[in-house]
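Coordinate inspection notes
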Amino acid sequence: MCESLLGEDPALEQAVERAEAAGLPPIAVSPNQGKYLHLTARLMRAEAILELGTLGAYSTIWMARALPAGGRLVTVEASPEYAAVAAANIAAAGVDGVVDLRVGDAHEVVPQLIAEDAGPFDLVFIDADKKSTPQYFRWALELTRLGSLIVVDNVVRGGTVLGGLAPGSHGVRADDAPTIAGVRGFYELLARERRERGEERVSATAIPTVGSKGLDGFGFVLVTGRQPGA
Ligand code: DHB
Ligand code: MG
């Protein structure tokens with residue numbers, strides 16, 4: 001499937017190889033998901049993108065390539081080892097001019113971005129430690145504007161988030177409980193928001209994705225109204 005749609009892409013292929021050689025976990029988005037993020041950014045004409053969880057910069061490169069001249073992408077990575085691989089991949093892909101790689105725990109870096117008034121970002125991609133997804137989502141709301149899109153990775157997790165399947169099945173690790181709790185917390189936030197405010201501030205959906213990375217999904221949240229602090 002990917003071969004028909006994507007063609008050869010040495011920079012991205014080398015990014016995967018470098019990540020693998022450096023021992024990073026093979027949990028980057030799949031090629032078709034990367035391209036989907038890229039097309040989404042282009043459709044939105046995104047000029048400012050925020051990513052939480054750089055890993056080896058595979059998704060970073062896909063999204064950075066969607067930026068127009070003068071665009072910017074801030075990406076946050078907690079692991080200095082992962083960030084070193086990401087920096088090499090970003091430079092080799094020729095997107096280092098637009099990518100601002102911040103190394104540090106998102107719990108510290110994101111409040112700094114808010115304090116710096118680094119937003120608003122047109123597109124936010126949340127793909128860091130899953131237990132913190134609800135907090136990252138709340139912060140993303142502070143860093144976006146009316147019409148921004150927040151994309152959240154890993155909202156299906158082989159079906160475990162819905163509760164029908166146990167961790168340990170369908171490629172989801174047996175010790176995945178904090179991840180599942182984090183993703184459920186994200187859905188609970190959205191459910192509470194709907195109950196209390198309808199779609200005044202956000203409108204959301206979740207799309208399962210089946211591909212080379214198994215069964216998972218993206219959450220999509222359109223910012224429809226003023227955010228706290230905005
Ligand atoms: C894991 C994290 C991810 O972001 C992902 O897309 C798949 C797996 C993990 O931590 O296992
Ligand atoms: Mg992910």
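Conventions used here
- Residues numbered from 1 in each chain as written.
- Chains lettered and ligands numbered in written order.
- Predicted model: local features only at pLDDT ≥ 70, side-chain atom pairs only at ≥ 80, totals over all residues.
- Heavy atoms only, no water.
- Helix = DSSP H or I, 4+ residues; strand = E, 2+ residues; numbered from the N terminus.
- Axes fitted to C-alpha atoms, helices over the stretch in contact; angles between N-to-C directions.
- Parallel < 35°, antiparallel > 145°, perpendicular 65-115°, else oblique.
- Left-handed = near helix turned anticlockwise from the far one by under 90°.
- Contact = heavy atoms within 4.5 Å.
- Nonpolar A, V, L, I, M, F, W, Y, C, P; charged D, E, K, R; others polar.
- Salt bridge = Lys/Arg side-chain N within 4 Å of Asp/Glu carboxyl O.

Description of unusual backbone geometry
Most peptide bonds take the trans form, and the phi angle of most residues other than glycine is negative. Across the junction of Gly119 and Pro120, the peptide omega takes the value -5 degrees, indicating a cis bond. With respect to the helices and strands, Pro120 occurs in the loop between α6 (106–115) and β4 (121–126). For Asp117, which is not glycine, the phi torsion reads 60 degrees and is therefore positive. Mapping Asp117 onto the fold places it in the loop between α6 and β4. Residue Arg157 is not a glycine yet carries a positive backbone phi of 50 degrees. Secondary-structure assignment places Arg157 in the loop between β5 (144–153) and α8 (177–197).

With respect to the packing of α6 against helix α7 (residues 133–142)
Packed helices, taken two at a time, are described by their axes: the angle between them and the distance between them. Where α6 meets α7, the closest approach of the two axes is 10 Å, and the angle between their N-to-C directions is 15 degrees. Judged on the interaxial angle alone, α7 and α6 are roughly parallel. Remark: the crossing between α6 and α7 carries left-handed chirality. Taken together, the residues of α7 that come into contact with α6 (itself represented by Ala106, His107, Val110, Pro111 and Ile114) are Tyr136, Trp139 and Glu142. Class assignment for the residues of the contact of α6 with α7 results in 6 nonpolar, 1 polar and 1 charged.

Some points on the pattern of salt bridges
Inspection of every chain in the model, using the stated rule, returns 10 salt bridges. Glu116 is paired through a salt bridge with Arg102; the nearest N and O atoms lie 3.1 Å apart. In this pair, Glu116 is assigned in the loop between α6 and β4 and Arg102 in strand β3 (residues 99–103), connecting sequence segments 14 residues apart. Bridged by salt links that share partners, the residues Asp100, Arg102 and Glu116 form one connected network.

Side note on the environment of Lys131
As for its placement among the helices and strands, Lys131 is situated in the loop between β4 and α7. For the pair formed by Lys131 and Arg194, sequence separation is 63 residues and the distance between their alpha carbons is 22 Å. Other than its neighbours up to four places away in sequence, Lys131 contacts Pro178 and Gly182.

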